[in-house]
Amino acid sequence: ELEKAGAIGTNTHGVIEWGLRKRLGQKVGKEPALLPAAAPCFAAYQRWEMEAELEASAIEQTVWSSAIGFAGTCDFIGTVLLGGKRVTVVGDWKTGKAIYKEALAQVSAYCAAAREMGLVPPSTPLYGLIVRLPKQQTDPDAEYRFIDEAEQVGHLEAFKAALALWHW
């Protein structure tokens, strides 16, 4: 079951990445096949993407922070609709059963790194965004969670504490 769930997440990530890279005019290889088991997950992504009007500017973007001392890869940077207004986001796809606190810390760290690298202008409000895509037909809709800059502060402190513990 764990292997099957992992394959669904990996396949869905790959198909999303391929489509977004193609849309940005980046070099892409052959279109990956969507596994039948991953079809509901990808369909939930498509519904979310249409509603959010995602405009990605970077896909699988490596970010790093000298100040914090870490590097990672966010799934996308771009803009989406939030309450009818277009906002800048650093986002990550998740295919678990819920949006876990660890993801809030991770994406908040990605936001800090993207700012430090100059990928987002200092004056632009920046939201973290986690989009959870379901793996089962009994859980048909995507779930998303915005993290505003004020909330990112607390999650970033948790990330730094976890990083310090990991180094310890």
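Before reading further, recall that the structure is shown in the block above.
Residues numbered from 1 in each chain as written. Predicted model: local features only at pLDDT ≥ 70, side-chain atom pairs only at ≥ 80, totals over all residues. Heavy atoms only, no water.

Right, let's get into the overall build of the protein. Tallying secondary structure elements over the protein gives four helices and five strands in all. Counting helices and strands in the order they occur from the N terminus, the protein gives α-α-β-β-β-α-β-β-α. Here the C-alpha radius of gyration of the protein, 16 Å, is about what a compact globule of 168 residues would show, namely 15 Å. Overall size of the protein, expressed as C-alpha extent along the three principal axes, is 45 × 35 × 35 Å. Among the 168 residues that make up the protein, the fraction classed as buried is 40%. Put simply, of all contacts in the protein between residues at least 6 apart along the chain, 60% involve residues at least 24 apart. Of the roughly 9300 Å² of accessible surface on the protein, a fraction of 57% belongs to carbon and sulfur atoms. Counting 17 positive and 20 negative side-chain charges, the protein places the centres of these two groups 3 Å from one another. (Helix = DSSP H or I, 4+ residues; strand = E, 2+ residues; numbered from the N terminus. Rg over C-alpha atoms; globule rule 2.2 N^0.38 Å. Buried < 20%, exposed > 50% of the residue type's maximum accessible area, 1.4 Å probe, protein only. Contact = heavy atoms within 4.5 Å. Areas by Shrake-Rupley, 256 points an atom, 1.4 Å probe, with all protein chains shown as cover. Lys, Arg positive; Asp, Glu negative; His and termini not counted. Charge placed at Lys NZ, Arg CZ, Asp CG, Glu CD.)

What follows concerns the sheet that holds strand β4 (residues 126–132). Spatially, the five strands line up as an open sheet ordered β1-β2-β3-β4-β5, and their pairing is mixed. The sheet terminates laterally at β1 (55–65) and β5 (143–147), the two strands that pair on one side only. Pairwise comparison of adjacent strand axes, ignoring direction, gives a mean angle of 35° for this sheet. Where β1 and strand β2 (residues 70–82) come together, nine bridges link them in antiparallel fashion. Looking at β2, one finds that Thr62 is bridged to Thr73. Against the sheet, helix α4 (residues 149–167) engages β2, β4 and β5, with an angle of about 95° to β5. (Pairing = 2+ DSSP bridges. Axes fitted to C-alpha atoms, helices over the stretch in contact; angles between N-to-C directions.)

This part covers unusual backbone geometry. Here Glu53, not a glycine, exhibits a phi torsion of approximately 55°, which is positive. Under the relative-accessibility criterion, Glu53 is labelled partly exposed at 41%. Backbone geometry places Glu60, a non-glycine residue, at a positive phi of 50°. Looking at the secondary structure, you find Glu60 in strand β1.

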